Amino acid sequence: MRIACPHCGLRDLQEFTYLGDASPSRPDGLAATESAMFDYVYLRENPRGLLEELWFHNAGCRAWLAVCRDTLTHTIQSVVPANKRKKGAAA
Amino acid sequence: MSKQPLRLPNGGLVDRARTLSFRFDGKSYDGHAGDTLASALLANGVGLMGRSFKYHRPRGLLSAGPEEPNALVELRAGARREPNTRATMVELFQNLEATSQNRWPSLRFDVLSVNGLAGPALVAGFYYKTFMWPAAFWEKLYEPLIRRAAGLGRAAEFEDPDHYEKAFAFCDVLVIGAGPAGLSAALTAGRSGARVIICDEDFQLGGRLLAERREIDGRAAADWLATTLAELASLSEVRIMPRTSVYGLYDHGIYGAVERVSDHVAVPPPHQPRQRGWRIYAKRAVLAAGALERPIVFAGNDLPGVMLAGAVRAYVNRFAVLPGRKAVIFTSGDSGWATVRDLAEVGAHVAAVVDSRSEIKPEFKSLASRVGARVFAGSVVEATRGGRALRGITVRDASGKRTALACDILAVSNGWNPTLHLTSHQNGKPVWDEEIQAFVPGVLPPGLSVAGSAAGRFTLAEALQDGARLGREAASEAGFAMAAAQPAPTTDAEASELKPIWRVKGRKGKAFVDLQNDVTDKDVELAAREGFRSVEHLKRYTTLGMATDQGKTSNLSGLALMAEQTGKAICDTGTTTFRPPYTPVAIGALAGHHRGKDFRPVRLTPTHDWSREQGAVFLETGQWLRAQYYPKFTDKDWLSTVNREVLATRGGVGICDVSTLGKIDLQGTDAAEFLERVYINAWKTLPIGKARYGLMLREDGFVMDDGTTSRLGENHFLMTTTTINATKVMQHLEFCHQVLWPHLDVRMVSVSEQWAQVAVAGPRSREVLRGIVDAKHDISNEAFPYLAAREISVGGGIPARLFRISFSGELAYELAVPADYGQAMMRALMAAGQAFGITPYGLDAMSVMRIEKGHVIGSELNGQTTVRDLGLAKMMSSKKDFIGRLMAKREALVQSDRPTLVGFKPIDKGKSLSGGAHFVGIRRANKLENDEGYVTSVAYSPNLQHWIGLGFLKNGPARIGERIRAVDLVRNSEVEVEICSPVFFDHEGTRLHG
Ligand SMILES: [Zn+2]
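Residue numbering note: each chain is counted from 1, following its sequence as written. Lettering of chains starts at A and numbering of ligands starts at 1, both following the order in which they are written. Note on the predicted model: pLDDT of at least 70 is required for a residue's local features to be given, and 80 or more for side-chain atom pairs to be given and counted; whole-chain, interface and lining totals, by contrast, use all residues. Only hydrogens and water are set aside when side-chain values are computed; all heavy atoms of the structure are taken into account.

A. Main features of the overall build of chain B. Each helix is a run of DSSP H or I of at least 4 residues and each strand a run of E of at least 2, with the numbering of both proceeding from the N terminus. Scanning chain B from terminus to terminus reveals 22 helices and 50 strands. Across its three principal axes, chain B shows a C-alpha extent of roughly 115 × 75 × 60 Å. Any two residues whose heavy atoms approach within 4.5 Å at even a single point are treated as in contact. Counting contacts in chain B only where the partners sit at least 6 residues apart, residues at least 24 apart contribute 66% of the total. When the accessible surface of chain B is summed, it comes to about 40,400 Å², and 54% of that surface belongs to carbon and sulfur atoms. Separation of charge centres in chain B, based on 120 positive and 108 negative side chains, amounts to 4 Å. All accessible-area figures derive from a Shrake-Rupley calculation using a 1.4 Å probe, and residue coverage is judged against the displayed protein chains alone. Charge assignment in this entry is limited to Lys and Arg as positive and Asp and Glu as negative, and neither His nor the chain termini are counted. Charge positions are represented by NZ for Lys, CZ for Arg, CG for Asp and CD for Glu.

So this is what it looks like as structure tokens:
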């Protein structure tokens, strides 16, 4: 696979580290409940088709990227820096 | 000197002026440049080349290409011995040495061919059924027997002396296969100026053009080939790669290829690799891999002399070898008839043509009468005769009448299967084409098009047309402007009708479907009877198609036979899927230079050379080489060195490189807030110029890493991590910032490699430092107390950072200078410390001292321990949120009987301890249910003069004073120990503040 890093261009998969589904949001703050945190840490959908995922360009610019990828075909629809993404881009 | 009795006097593409001698099974032969091992053996009349996998039946060549299931040899000898090498793919070289496989004691007389007589023992499902028998049967009787009897060649027993490379290439158009279609594609794409790479697994380019007598534009195809190759060579952006197999297609236009750089010479030339593994990034690709001819299943179809018709033409036309003197052709289509003409052309006697179709075209009839061949229409070959070589066949006509014919070569043709393997590597399912009775590529991977035979368009004219058109399209899609298309070259006429037959039912004798794995038609029937009707089950139950040839010549026959058994059509029975690699790839080509010491990079600390001068023994820790200990001639052994280093440090002063610790510089108005969120303890309260110990968790509540972090300014922190987690923590922090809290004003960068850092430890450390720290900096106990952390200068203005932190429990500092000053810093410290007996110490002494103080490292922060397990629960702030806060509270993580950090020491002070031992009660059995915890760190303490250890024990802190056993079943040791506090030395911590 190759990922088009917005900073570095089209780069080989070997330069990246995979994390997974980008959609869960961390329940921040002292008010967060244990069950919400449990869902955030452990529960993931495993969709067939488009999924917004987090990848880290560890051998490049060190940016965390939100990569919209088709899990069936590995087609990559969009890549944006994670700190600039709009949540739910894959939906 | 042998005389190559079956070599034709002229013709072919071998260089008769260059004779190469080689050895097969210890016997010497001659061949020519341009030969393969297969063609050279054939020229010498060697038809028997191996014994089969299960039944040890004699086997010869089936093919002339990559699909060869029979002629597998061990190539070369000694450390370069390579098993299961297809003789058809081995380019002949001077002094080549090859050995046949699966025979004992010799190829001609094989004792184990008796397996053929005891055949029923080895039918489909044999392995599975045998496993059902008592285990003892299997271990004692069957496995040893099968291991000796079956199996392929022997791997080399020594390390491979050659080296391999990995290489990367980028192109606009990749063309796979250099036959007529591929060459046409490369030519039209190349003319546009596109960067083209054309690969072919053969050493000679031309594909089937090399094997056939054909005409292009009214002239011999060889002329067109020569002109085309010359033009390609003249195009500067076209790269021609012979001896290169494209074995895999991966996502986003990435292709795996292996180039056999030196396989055609005995020993690679100096500085040349044996093979080169390529990763080719192509914008577009054209698959022009041709097609593989299909055999027919009939009794005795494995006898040496039964060969694919196209292979016969290749040996005759390309290699100028007559595979036999008296031939019979057995065909179900027009393509087999080309063999009649080509054999007759070189003077071979074609005794008969057996065509399974009842209608014979008039031009074929006249060809047969011209060459004097009998024609059996609507007939089949029912059986073969011969021991180690074909002597004759039995033909059965439509009425059931049998005719015996003598022959020494039977050329079989049953149509062709497109070499579509690469189209299937991305999950693409081939589809059945009723018209050509073959699977053709289905939905294609993005960026790939398929030309000619690989697409099921088998004629030469179609290959040339497809290639020219798809080469243009590919270059144009890659962004290159195209000139007007020129008409594709014309060819001589070619008949390609076909009505395949898959099997001839015979009365007796084995009829093979999969020659390499010895799977017969009976095996497929048995599998069907026993209910293994899905193609995937059929494969696994019978092992059909599961040999190293991946069923290139057997998959479709197997499918057709199963269709016959289940009364379904082939397309409803299943399909064939292929996974990379297309042909076997040596692990070496995938590993490249990444082997032995070069498997991964070695990182040296900034003080490495100095340590080496001091006589350090180095230890690999992760990628780092770190000084483990510094032996002196006067030291008795390793332990006495470590003891000396510990005692010298605790008694005076020692220095130790700690540069490998991860160092992360964090700056920004929210830096303190950020630390609050990633560490479990408080950071906003940390004064400027102070350091604090921090612990961070993973979000699931387990401990991730620890270290000291210093506040160098209001908005400036310097974090240290453990050596092993430096990269992981950096990635984690970037995640926390970029993904979780992008609004926080903080930036971070790793400065691990920018600073050389040394621990200066021991009661005299301050005095030593005084000698190198610039005088303007007051480092007295009052001005620079425990946990002070400041930017200073040393040696007259060299910027430095000084931290009063201690891993050893002594009065200690860590001093950091820019990495390039690392060696100078060590020398300056040694000079300044001479009067105090300064002693360099290594990792082992550091470890002893930290265990004496109960400080944890990676052995304790092992990913399974919580803050509570480490006895550090009090550090967790309840006033703020931080990573891992909620998950750390989970019931199972706070249970009181969780194994918790304790110290322990042997009751018998003379006994040593063992890391990895488990705690078991005094009179309990050594069983899992009695396991109460485990040992993580042990050391001999020269201060206490006995062994000490750290470990995790259920409900540990409540059991201080209890006796238990430390049992190590791996090293067979068992020591009675007393549980104690993890702090063994200086409980009050007074030395720290000295
Ligand atoms: Zn990048």
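Don't stop here, the text continues.
B. View of the overall build of chain A. Within chain A, the regular secondary structure consists of one helix and six strands. Going residue by residue from the N terminus, the α and β elements of chain A occur as β-β-β-α-β-β-β. In terms of its C-alpha atoms, chain A occupies a principal-axis envelope of roughly 40 × 30 × 20 Å. Here chain A, with 91 residues, has 40% of them falling under the buried criterion. Here the contacts in chain A between residues at least 6 apart in sequence split such that 47% fall between residues at least 24 apart. For chain A, the separation between the mean place of its 11 positive charges and that of its 10 negative charges on side chains is 7 Å. Relative accessibility thresholds used throughout: buried, under 20% of the residue-type maximum; exposed, over 50%; partly exposed, between the two (1.4 Å probe, protein chains only).

C. How the structure looks around the sheet that holds strand β32 (residues 617–621) of chain B. All names here are of chain B. The strand order β31-β33-β32 describes an open sheet built from three strands, whose pairing is mixed. Strands at the two margins of the open sheet, each flanked by one partner only, are β31 (603–604) and β32. In the sheet, β32 pairs with strand β33 (residues 624–629) via five bridges, with the strands oriented antiparallel. Bridge pairing links Phe 618 to Ala 627 in β33. Helix axes use the C-alpha atoms of the stretch in contact, all axes being lines fitted to C-alpha atoms, and the angles between their N-to-C directions lie in the range 0 to 180 degrees. Sitting on the sheet, helix α22 (residues 843–852) is in contact with β32 and β33, with an inclination near 70 degrees to β33. Any two strands are treated as partners once DSSP identifies two or more bridges connecting them.

D. Focus on the pairing of strand β37 (residues 703–713) of chain B. Residue and element names in this part refer to chain B. Burial within β37 is extensive, with 11 of its 11 residues counted as buried. As defined by bridge partners, strand β36 (residues 690–697) adjoins β37 across eight bridges and the pair is classed as antiparallel. Across the sheet, residue Met 696 finds its bridge partner in β37, namely Asp 705. Where β37 lies against strand β38 (residues 716–721), four bridges are found, and the strand directions are antiparallel. Looking at β38, one finds that Thr 709 is bridged to Met 719. Hairpin connection from β37 to β38: two residues lie between these consecutive antiparallel strands.

E. Here's a closer look at the interface of chain B and chain A. Counting from both sides, the interface comprises 33 residues of chain B and, opposite them, 30 residues of chain A. Across the interface of chain B and chain A, roughly 2,700 Å² is buried in total on both sides, 53% from carbon and sulfur atoms. Any Lys or Arg side-chain nitrogen located within 4 Å of an Asp or Glu carboxyl oxygen qualifies as a salt bridge. For the pair chain B and chain A, the interface holds four salt bridges. Arg 62 of chain A serves as the salt-bridge partner of Glu 734 of chain B, at 2.6 Å between the closest nitrogen and oxygen. Counting of polar contacts relies on pairs of N or O atoms within 3.5 Å, with two restrictions inside protein: one atom must be capable of donating a hydrogen and the other of accepting it, and residues adjacent in sequence are counted only when both atoms are side-chain atoms. If you look at where chain B meets chain A, you find 17 residue pairs in polar contact (both at pLDDT 80 or more). Of all the secondary-structure elements, those providing two or more residues to the side of chain B that touches chain A are β8 (165–176), β15 (276–287), α19 (726–740) and β39 (747–750) of chain B. Take the side of chain B that touches chain A: its biggest share by element is seven residues, from α19 of chain B. A class-by-class count of the residues in the side of chain B that touches chain A yields 16 nonpolar, five polar and 12 charged. Two parts placed together each lose some accessible area; with a 1.4 Å probe, that loss summed over both constitutes the buried area. Charged means Asp, Glu, Lys or Arg here, nonpolar means Ala, Val, Leu, Ile, Met, Phe, Trp, Tyr, Cys or Pro, and polar covers whatever is left, Gly included.

F. Up close: the packing of aromatic side chains. All names here are of chain B. Think of it this way: a Phe, Tyr or Trp ring, Trp meaning its six-membered ring, pairs with another when their centres are within 6.5 Å, and the plane angle makes it stacked under 30 degrees, edge-to-face over 60, tilted otherwise. Applying the stated criterion to the full structure yields 19 aromatic pairs over all chains. A centroid spacing of 6.3 Å and a plane angle of 80 degrees characterise the contact between Phe 674 and Trp 741, whose relative ring orientation is edge-to-face. Of this pair, Phe 674 sits in helix α18 (residues 671–678) while Trp 741 sits in the loop between α19 and β39; the two residues are 67 residues apart in sequence, bridging distant segments of the chain. Judged by its relative accessible area of 0%, Phe 674 is buried. Sitting over the ring of Phe 512, Arg 59 keeps its end group 4.7 Å from the ring centre. Between Arg 318 and the ring centre of Phe 203, over which it is positioned, the NZ or CZ distance is 5.2 Å. Counted as over-ring charges are cases with an Arg CZ or a Lys NZ within 6 Å of the ring centre that also lie within 35 degrees of the ring normal.

G. Just the side chain of Arg 81 of chain B, in detail. Residues and elements named next belong to chain B. Relative to the helices and strands, Arg 81 is located in the loop between β5 (72–75) and β6 (82–86). A polar contact of 3.3 Å, which involves the side chain of Arg 81, links it to the backbone oxygen of Arg 154. A distance of 2.8 Å separates a polar atom in the side chain of Arg 81 from the backbone oxygen of Ala 155. Excluding residues within four positions of it along the chain, Arg 81 makes contact with Glu 74, Leu 75, Arg 76, Arg 154, Ala 155, Ala 156 and Glu 157.

H. Looking closely at the coordination of the zinc ion. All names here are of chain A. Keep in mind that water is not among the atoms, so a site may look incomplete; donors are the N, O and S atoms within 2.8 Å of the metal, or 3.2 Å for Na, K and Ca. Those donors, Cys 5 (SG), Cys 8 (SG), His 57 (ND1) and Cys 61 (SG), are the protein atoms that reach the zinc ion, and they lie 2.1 to 2.3 Å from it. Square planar and octahedral assignments, for four and six donors respectively, both demand that opposite donors be over 155 degrees apart and that all other angles lie between 65 and 115; tetrahedral needs four donors with all angles between 85 and 135 degrees, and anything else is irregular. Here the zinc ion is ringed by four donor atoms whose angles at the metal span 106 to 118 degrees, and the overall shape comes out tetrahedral. The sequence pattern formed by the donor residues of the zinc ion is C-x2-C-x48-H-x3-C. Here Cys 5 is found in strand β1 (residues 2–5), whereas its partner Cys 61 is found in the loop between β4 (50–56) and β5 (64–70), with 56 residues between them in sequence. Looking at Cys 5, the relative accessible area reads 3%, which means it is buried.

I. Expanded view of the pattern of salt bridges. One pass over the full model with this rule turns up 71 salt bridges over all chains. We note a salt bridge from Arg 85 of chain A to Glu 52 of chain A, for which the minimum N-O separation is 3.4 Å. Placement of the pair is Arg 85 of chain A in the segment after β6 (76–81) and Glu 52 of chain A in strand β4, with a sequence separation of 33 residues. Of the two residues, Arg 85 of chain A and Glu 52 of chain A, both sit in the buried class. The shortest N-O distance in the salt bridge between Asp 334 of chain B and Arg 357 of chain B comes to 2.9 Å. Of this pair, Asp 334 of chain B sits in the loop between β18 (326–331) and α7 (337–345) while Arg 357 of chain B sits in the loop between β19 (349–355) and α8 (362–371); the two residues are 23 residues apart in sequence, bridging distant segments of the chain. Per residue, the accessibility class of Asp 334 of chain B equals that of Arg 357 of chain B, and both read buried. A cluster of three or more residues bridged by salt bridges with shared partners is formed by Arg 26 and Asp 28 of chain A together with Glu 699, Asp 881 and Arg 885 of chain B.

Remember, this is a structural readout, not a statement about activity or role.
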